[in-house]
Amino acid sequence: MAEVLVYVDHVDGAVRKPTLELLTLARRIGEPVAVALGNGAADTAAALAEHGAVKVLTNDSAEFADYLVVPKVDALQAAYEAVSPAAVLVPSSAEGKEIAARLAVRIKSGIITDAVDLEAGDEGPVATQSAFAASFTTKSRITQGTPVITVKPNSAAVEAAPAAGAVEALAVSFSDAATGTKVVARTPRESTGRPELTEAAIVVSGGRGVNGAENFAIIEALADSLGAAVGASRAAVDAGWYPHSNQVGQTGKSVSPQLYIASGISGAIQHRAGMQTSKTIVAINKDAEAPIFDLVDYGVVGDLFEVVPQLTEEVNTRKG
Amino acid sequence: MSLRIVVCVKYVPDATGDRHFTDDLTVDRDDVDGLLSELDEYAVEQALQIADEADDAEITVLTVGPEDAKDALRKALSMGADKAVHVEDDDLHGTDVMGTSLVLAKAIEKTGYDLVIAGMASTDGTMGVLPAILAERLGVPQVTLLSEVSVEGGPNGTVKGRRDGDTASEQLEAALPAVVSVTDQSGEARYPSFKGIMAAKKKPVESLDLDDLDIEAEEVGLEGAWTKVDEATERPARTAGTIVKDEGAGGKQLAEFLAGQKFI
Ligand SMILES: Cc1cc2nc3c(=O)[nH]c(=O)nc-3n(C[C@H](O)[C@H](O)[C@H](O)COP(=O)(O)OP(=O)(O)OC[C@H]3O[C@@H](n4cnc5c(N)ncnc54)[C@H](O)[C@@H]3O)c2cc1C
Ligand SMILES: Nc1ncnc2c1ncn2[C@@H]1O[C@H](COP(=O)(O)O)[C@@H](O)[C@H]1O
C-alpha cells in the first residue's frame, strides 16, 4: 500500500490531538509514515504507533527551534524524498500551513489548505473545505504533483489502530535558506489548565457584552463547569479584556466544537467565519435582533450577567 | 540609498456581502462590490510606518487582479504609498496560489525590492500561505505573521518582529532583503486624508501583463492551476432553533436544553 507522510505537531514529545486525527485520515489513503522534528521527537513514537503510524522518522536538530519554518521544510522535503509518498498531510496551524506551502513549491505540487475532511478518490485524495466564512462547502483535488494538504483540527475522530511505529533517524542536510530567520527569543504561552481552544469539545466565548476584563470570570466559570475552552470576540480582545490567542474568527482561531456558547457576541461575519461549523450553537444576547440568533440551536434573549451565572450554577448542581 | 518596499495588496469581494462562486467555480467578482482586502491595509500601514522611520524609502503597492483591482491600488496610494504596479491579463482568470505567487515574485523582482510586506491572509481565499511561498520563490528570509515589525539600518539592514504563535511568542530577526507579513494586531490602519486622496490621483500606476514578466499563459489561469475545485455547495441554512426570552429562568432552561443534548 502507498505511504502517506504525516507531519507531527508536538510539544516536547507530547503529540497534539490534531496529529492523531490526521492519522485517521491518512489511513483512508495509505499507510501513515510520521515525521517528528525537534526536541523530544522520538518520544512521540508510542502515541503515533498506537494510532496507526507504521514508521516514525525523527530528527531533533537544534535548528528547528533556532530558526523559523525553513529547517522544518528541509526536513519534510528529506522525508518526502526518502519515502516517495502518495500524499503529504500537515496540521493546519499557522506554521503548518507555511511549512506545507513551501514544500509544495519545492516538489512542484499543488496545495490545499484548511481541509475539514479527506477521502480517497479515483484521481487522488478529495478534500472538503469551507469557503466564504463557511457559507459554502467545496470539494477539491490536487492535479499536479504529490498532493500536499493541511487539515484543520476536529476534522476526524481519533482512532486506535496499533501499528509498528518503528523509529528511524531522518537524515537532513539544511539548506542555505534554513538559517535566514533567527528566533532570537521565545516566550512560551502560559498554560491556563483549560483545553486548547481549537481542540476543545466545548467552547464558551464572550464578546463586547461581557463589558470588562474582570467580568470574563463569569465566562471562565461557565467554561470550567463544562470542561470547556474559553474564546473571545475581536471586540473583547481589542478592548484588552482577553488575550488574542483566544480570539475566535477570521483573524483568530477557527473552531468546530460539539458545542459553542456565545455570550454578548453579535455574530459579525468575521466572527461567524471562525465558529459557524460548530455542531451545536447556543447564544445569550440581550438583543433579540442580534444576527448570532440566526445560527443558534438554542438562544436566550436576556442579560448575560443573569443568565450565565444561573446556567453555571445549574450545571454544577446537575453534575452533583 | 533608498529603502525599496513592495506591498502586496489584493482586491477582494466585500466579506460582508453575499459572496458566491461562478459557474466555473471561481470566486464571483461581479455580484459583490470589491475592495482592498482589509487585512492588507495593515500591510500598507506598517510600510508607511517603516518608511517614516527610514531616512529614505519608497513604497510600491503591487496587485495581481482584474481591471477593477485598480481601486485597491488607489486606496493604498491615497493612504500614502508612492507608486503602484498592476499585473493584469485575461489569461490570469482562475489562477491558484502557485500561479499568483509566481506572477507576484516576477513582478517584485522586476520592480526591485529590499522588503516585501504582505497581509496575513486574503479575506476571500484565506489561505495565509502566499507570503511564505514568495519567500521560497525569491530565495530570501520569511519573517511572517508579525504583530510588531521594525527595520534598522536601511536597505542593507535588518528586519525585526514579534510573531505570536500557538504555543509561544517569538522575537524574529533577518537580514534584508526579506518577505514580511503582518497580522491585524500590528496596529490600526490610517484612513486616507482628503489630501492623500487628491495626491493619489497623480501617482504613477504601471500596468504589466504576462509577456512583460516572461510568463506563459499555460503557467497560470484555471488551466494552469495545480488544484481543482470539483464542487461547491451552499451550506444549508441552519434550521431555526428555539429562542426563549429570559423571564428569570433562562439559565435553567438553557441547562435543560444542554442536558437533553447530553452536554451535561
Ligand atoms: C478584517 C477583519 C477581521 C476580523 N476578524 C475578527 C475575528 O477574528 N473575530 C471576531 O470576533 N471579530 C472579527 N472582526 C470584527 C467583527 O467585524 C466584529 O466587530 C466583532 O466580532 C464584534 O464583536 P462582538 O460581537 O463582541 O461585539 P458587538 O458587535 O458590539 O456585539 C456585542 C453584543 O453583545 C450584546 N450585549 C451587550 N451587553 C449584553 C449583556 N449584558 N447581556 C447579553 N448581551 C449583551 C449586544 O446586544 C451585542 O449583540 C474582524 C473585522 C475585520 C474588519
Ligand atoms: N492577487 C494578489 N495580488 C497581490 N497580493 C496578493 C494577492 N493574493 C494574495 N496576496 C498577498 O498575500 C497575502 C496572503 O494571501 P493568501 O495566502 O492568499 O491568503 C495577502 O494578504 C496579500 O498581501
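Structural data are supplied above this passage.
Values in this document were obtained by computation on a predicted structure and should not be read as measured data.

S.K.: Would you explain the site of ligand 2 in this entry?
M.R.: Residues and elements named next belong to chain B. In the vicinity of ligand 2 there are 19 residues, among which Cys8, Asp40, Val64, Ser122 and Gly128 approach most closely. Aspartate 40 has a polar side-chain atom sitting 2.5 Å from an oxygen atom of ligand 2. About the coverage of ligand 2: the protein hides 97% of its 490 Å² of free accessible area. Sorting the residues of the shell around ligand 2 by element identifies β4 (57-64), α3 (97-111), β6 (115-119) and α4 (130-138) as the ones contributing at least two each. Ranked by the residues each element gives to the shell around ligand 2, the list is headed by β4, at three residues. Its residues assigned to classes, the shell around ligand 2 shows 11 nonpolar, six polar and two charged.

S.K.: Is there a simple way to explain the sheet that holds strand β7 (residues 142-152) of chain B in this structure?
M.R.: Backbone-to-backbone hydrogen bonds join strands into a sheet, with any given pair of strands oriented parallel or antiparallel. Taken together, 10 strands build an open sheet; the order of strands is β12(A)-β9(B)-β8(B)-β7(B)-β10(B)-β6(B)-β1(B)-β4(B)-β5(B)-β11(B) and the sheet is mixed. Single-partner strands in this sheet number two, and they are β12 (181-188) of chain A together with β11 (205-208) of chain B. The sheet shows a mean angle of 30° between the axes of neighbouring strands, direction not considered. Relative to strand β9 (residues 168-175) of chain B, β12(A) is paired through seven bridges, and the arrangement is antiparallel. For Pro188(A), the partnering residue across the bridge sits in β9(B) and is Ala168(B). On top of the sheet, α3(B) reaches β1 (3-8), β4, β5 (83-87), β6 and β11 of chain B; it is set at about 150° to β4(B), its chief contact. Those strands touched by α4(B) are β1, β6, β7 and β10 (178-182) of chain B, and its axis lies near 180° from that of β10(B).

Conventions used here
- As a convention, each chain's residues are numbered from 1 in the sequence order in which they are written.
- Chains and ligands are labelled by the order in which they are written, letters from A for the one and numbers from 1 for the other.
- Residues qualify for local features only when their pLDDT is at least 70, as the model is predicted, and side-chain atom pairs are given and counted only at 80 or more; totals for whole chains, interfaces and linings, by contrast, use all residues.
- Excluded from the side-chain calculations are hydrogens and water; all other atoms, namely the structure's heavy atoms, are used.
- Any residue with a heavy atom lying within 4 Å of a molecule or strand is counted as near it.
- Pairs of N or O atoms within 3.5 Å make up the polar contacts considered here, provided that, within protein, one atom can donate a hydrogen while the other can accept it, and that residues adjacent in sequence are counted only when both atoms are side-chain atoms.
- For the accessible areas, the method is Shrake-Rupley and the probe is 1.4 Å, while residue cover comes only from the protein chains on display.
- What counts as a helix is a DSSP run of H or I of at least four residues, what counts as a strand is a run of E of at least two, and both are numbered from the N terminus.
- Under the scheme applied here, ten amino acids are nonpolar (Ala, Val, Leu, Ile, Met, Phe, Trp, Tyr, Cys and Pro), four are charged (Asp, Glu, Lys and Arg), and all others, including Gly, are polar.
- When DSSP finds two or more bridges between two strands, those strands count as paired.
- Note on geometry: axes are lines fitted to C-alpha atoms, helical ones only across the stretch in contact, with angles between N-to-C directions running from 0 to 180 degrees.
- Note on contacts: a residue pair is in contact if any heavy atoms of the two residues lie within 4.5 Å.

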